[in-house]
Amino acid sequence: MKAFVFTMDAVLAIIPVIVVIAALSQGGILSHSNELQGKLMDKYRKASDVLETIYASGAVEELNQTRMESLLNALLAGDNYSYTIYQGTREVVRIERGNLSEAKDVVVARKPALTYISRVLNWTNELCYEDRGRGWQIYTLSFNTSNISLYDYWFVAELTGANVLTSNGDAVGTYLDYRTCEEIVPSSPTLPGEGDSLCEGDYWYVDNPSDPTVCKAKFYFGDWNPPGAPASWQSYTSYYTYIRLPGNRAGTFYIIQVPAGTPPEEVVPQIPPVKQKVIMTLKVWEEE
């Protein structure tokens, strides 16, 4: 009898639940919940498809933020979104539209990917000009960019030869110029920026100060770089840099593109380039 009473108690206990479920169903609340779940699933599938499309386009592999943003705006017309690429805990790319703090019904899709975080745009160990009378060797490098707000550009020197960094003013590294080697050398008796000793000064980063054969400098884009440049020179998309070494030295020089804010110790020339794993994350939402 006790067992029967217990069973009846259980039945009596679930009767209110059944009543509530029936009421909710009749009131359309469950129907609304199912509709919301379906809507969110549709958004999730759409967000996942967008990540697949961006990756298939090659924009991630090239780390081309301009093309990524163009695809996001086209594929998510009318939607707000936040698109990020992380390498470990470091944010490499962020593109947003809308205000996430006012978001409702946020869906999140993720996808692992491979990309070139660091890209060698140009390198050389061949002379641009040689003046045996002065004992000069001049190298030049050029690179093209229209994304100076999205990326940092670094000059890297790997030096060899006697007295690699003797401070005698013969080793000179220039920042940027808008003229070709033929335009500037040998018509000009000096190089733009001459007087800045290669790998010396606050703007140079030296990997190993006790053996300073590898040094790096980030290019800064401004009216003073180089001196005497036209006021609109920042609008150029082709840039040149020059390196002068005395005859007893040699080197290999690189121009490297990395995401803006990359620390100098991570700016490493890799030939051939090596892909690294990243995580793409896309959040899509509506706003209140």
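These numbers were taken from a predicted model, which means no experiment stands behind them. (Residues numbered from 1 in each chain as written. Predicted model: local features only at pLDDT ≥ 70, side-chain atom pairs only at ≥ 80, totals over all residues. Heavy atoms only, no water.)

(A) Highlighting the overall build of the protein. For the protein, the helix and strand inventory stands at five helices and 13 strands. The proportion of buried residues among the 288 residues of the protein is 36%. (Helix = DSSP H or I, 4+ residues; strand = E, 2+ residues; numbered from the N terminus. Buried < 20%, exposed > 50% of the residue type's maximum accessible area, 1.4 Å probe, protein only.)

(B) Representation of the packing of aromatic side chains. Here the structure, examined in full by the defined rule, presents five aromatic pairs. Both rings, one in Tyr139 and one in Phe253, keep their centres 4.9 Å apart while their planes meet at 55 degrees; by these two values the pair is tilted. Here Tyr139, found in strand β6 (residues 136-144), pairs with Phe253, found in strand β12 (residues 249-259); they are 114 residues apart in sequence, far enough to count as distant. Given a relative accessible area of 0%, Phe253 falls into the buried group. (Phe/Tyr/Trp six-rings, centres within 6.5 Å; stacked < 30°, edge-to-face > 60°.)

(C) Just the pairing of strand β1 (residues 80-87), in detail. Counting buried positions over the eight residues of β1 gives seven, a clear majority of the element. When β1 meets strand β2 (residues 90-97), the two strands line up antiparallel, connected through seven bridges. Bridge pairing links Tyr83 to Ile95 in β2. Between β1 and the antiparallel strand that follows it, β2, lie two residues; Gly88 among them carries a positive phi value of about 65 degrees. (Pairing = 2+ DSSP bridges.)

(D) Fine view of the side chain of Asn80. Within the secondary structure layout, Asn80 lies in strand β1. Beyond its immediate stretch of four places on either side in the chain, Asn80 contacts Arg97, Gly98, Lys283, Val284, Trp285, Glu286 and Glu287. (Contact = heavy atoms within 4.5 Å.)

(E) Molecular detail of helix α4 (residues 65-75). Inspection of α4 places Gln65, Met68 and Leu72 among the buried residues, and these make up the whole buried set. The buried residues of α4 occupy an angular sector of 55 degrees when the element is viewed end-on, so they sit on one face. (Arc of directions from axis to C-beta.)

(F) How the structure looks around the environment of Glu130. Turning to its location among the elements, Glu130 is positioned in strand β5 (residues 129-131). Relative accessible area serves as the criterion here: at 40%, Glu130 is assigned to the partly exposed category. For the pair Glu130 and Leu245, spaced 115 residues apart in the sequence, the C-alpha separation amounts to 9.8 Å.

(G) Main features of the side chain of Lys43. With respect to the secondary-structure elements, Lys43 resides in helix α2 (residues 29-56). Within the structure, the side chain of Lys43 is placed 3.2 Å from the side chain of Asp79, a separation counted as a polar contact. In this structure, Lys43 is in contact with Asp79, Val107, Val284 and Glu286, ignoring residues within four places of it in sequence. (Polar contact = N/O pair within 3.5 Å; in protein donor to acceptor, adjacent residues only side chain to side chain.)

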